[in-house]
Structure formats: structure tokens, C-alpha cells
Amino acid sequence: RKEVEQDPGPFNVPEGATVAFNCTYSNSASQSFFWYRQDCRKEPKLLMSVYSSGNEDGRFTAQLNRASQYISLLIRDSKLSDSATYLCVVNTRGGDDKIIFGKGTRLHILP
Amino acid sequence: NAGVTQTPKFRVLKTGQSMTLLCAQDMNHEYMYWYRQDPGMGLRLIHYSVGEGTTAKGEVPDGYNVSRLKKQNFLLGLESAAPSQTSVYFCASRGGGVWEQFFGPGTRLTVL
């Protein structure tokens, strides 16, 4: 099993719809989780952190399920500007701190 | 406050040539990273540094060398470029105790 796995997509979603995607991780000792956004030919940028209790930032909701070892990202009322690749990031602290990036999920919002 | 900057933005090399990519950050971050990103492969860690004067190998270090002589700078060297090193290279940095990474705009390298 890969350390961090994401559905590569693309997810083609009409504007205004709700879309959700998951990211699974293999190391149960993983401690910190994030979603990054990467626009075409640009650098990744932090979208939001994922807390155990879940967190919401406007139209975006992130959740963590430790029992099943996955995190999720929900986007409500999607906008054309949400079109991007969403990267899942998992950090594991230990003798060798590791930051693992998923390969990303591509999202296309259709007008 | 420029954040993380990378030079050059684009470069074309011939096989066997050498070059150095420069990453600079003005956030006084301890940790710095070099990644390469290829279609379908995601971000792969080449080398990283946990502080001035330190470097460590990442997932794909072969063919690359790095140096961190100053805290704000992290250099990535290609001694003898190969076509397999054609990629987009991203530098990133973060502060100690904080996991958020800040990325530079990337360097697009083509090796012919």
C-alpha cells in the first residue's frame, strides 16, 4: 500500500455543485494532515490544515478519520476558480520526520 | 517580504552540462527542501536540510548535490545533466515546529 493515495481524477463538476474527495494514508503514526492546492504550472499552496475534530473554512470542509486512515475535502457551491489539483499531505513525526505528498486529485469546474 | 524565490525560472541544458539552481527564503526558516515534479509522479523529495550547514537525502537524490552554507539559501546542483532530469523543480521551506511548507515558483528544466 502506498503511503499516501489519492484518486487522480479528473473530477468534472458543474459550477455550484458539491464535490468531495478522499486521501488514504498507510502509517497509523501519522500526526498532521493538510490539503494543498496547486494551480496549473504554479507552486503548491496550503489550502487548509485537517484537525481531528474537523474544520471548516468558508465553502471548504476538511475531516480526518483516524480509524479508517483517511482525510477528506468537501467543496460546496463550487466556483470556476476552484479548478485546480488538490494535494493531500501527511506528516509523520519520529526519528525521521517525514512529509509525504499525495499525487493529487484534479478538479475541473464546468460552467 | 519575497517569501521563497528560485532562480532561474527556466533553463535548457544539453546532456552532460552542469548547473546550479538557487533557492532563497527570507522567513528565517530552519528547514528547506528540493522537490521535483513530473507528470503522474507527484512531488518527489530530492534533498532537504534541517538547518544551516546540514543536508540529507530524500527519495530521489541520485544525480543531484546540495549545499546550505547560509540559512537563507539552499542550492541544488546537477553535475552532469541527463534527459531523465527534465522536470519542474520546486524549493520549499518551513519553520521549526510548524509543518506548513512555503514553496517557490519553480524552475522548469529541460535537458536535451
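Here, the structure is the one placed above.
Being a predicted model, the structure only gives us computed values, none of them experimental. (Residues numbered from 1 in each chain as written. Chains lettered and ligands numbered in written order. Predicted model: local features only at pLDDT ≥ 70, side-chain atom pairs only at ≥ 80, totals over all residues. Heavy atoms only, no water.)

Draft legend 1. The arrangement of the sheet that holds strand E3 (residues 19-25) of chain A in detail. All names here are of chain A. The strand order across the open sheet built from five strands is E1-E3-E8-E7-E6, with neighbouring strands paired in antiparallel fashion. Strands at the two margins of the open sheet, each flanked by one partner only, are strand E1 (4-6) and strand E6 (55-57). Direction aside, the axes of adjacent strands within the sheet are offset by 20° on average. Alignment of strand E7 (residues 60-65) against strand E8 (residues 70-75), held across six bridges, turns out to be antiparallel. Residue pairing for E8: Phe60 is matched across the bridge by Ile75. (Pairing = 2+ DSSP bridges. Helix = DSSP H or I, 4+ residues; strand = E, 2+ residues; numbered from the N terminus. Axes fitted to C-alpha atoms, helices over the stretch in contact; angles between N-to-C directions.)

Draft legend 2. Seen up close, the sheet that holds strand E7 (residues 64-67) of chain B. Residues and elements named next belong to chain B. Reading across the sheet, the four strands line up as E1-E3-E8-E7 and stay open at both edges, with antiparallel pairing between neighbours. Since the sheet does not close on itself, it has two edges, and those belong to strand E1 (4-7) and E7, each with one partner. Strand-to-strand twist of the sheet, defined as the mean angle between neighbouring strand axes without regard to direction, takes the value 20°. Sheet topology note: the E7/strand E8 (residues 73-78) ladder contains four bridges and is antiparallel.

Draft legend 3. Just the nonpolar core, in detail. One finds Phe21, Trp35, Ile71, Leu73, Ile75, Tyr86 and Leu107 of chain A to be the most contacted residues of the largest nonpolar core, which totals 23 residues. In terms of nonpolar packing, the next biggest core, distinct from the first, is built from 19 residues, Leu13, Met19, Tyr64 and Leu76 of chain B among them. (Core = buried A, V, L, I, M, F, W, Y, C linked by side-chain atoms within 4.5 Å. Buried < 20%, exposed > 50% of the residue type's maximum accessible area, 1.4 Å probe, protein only.)

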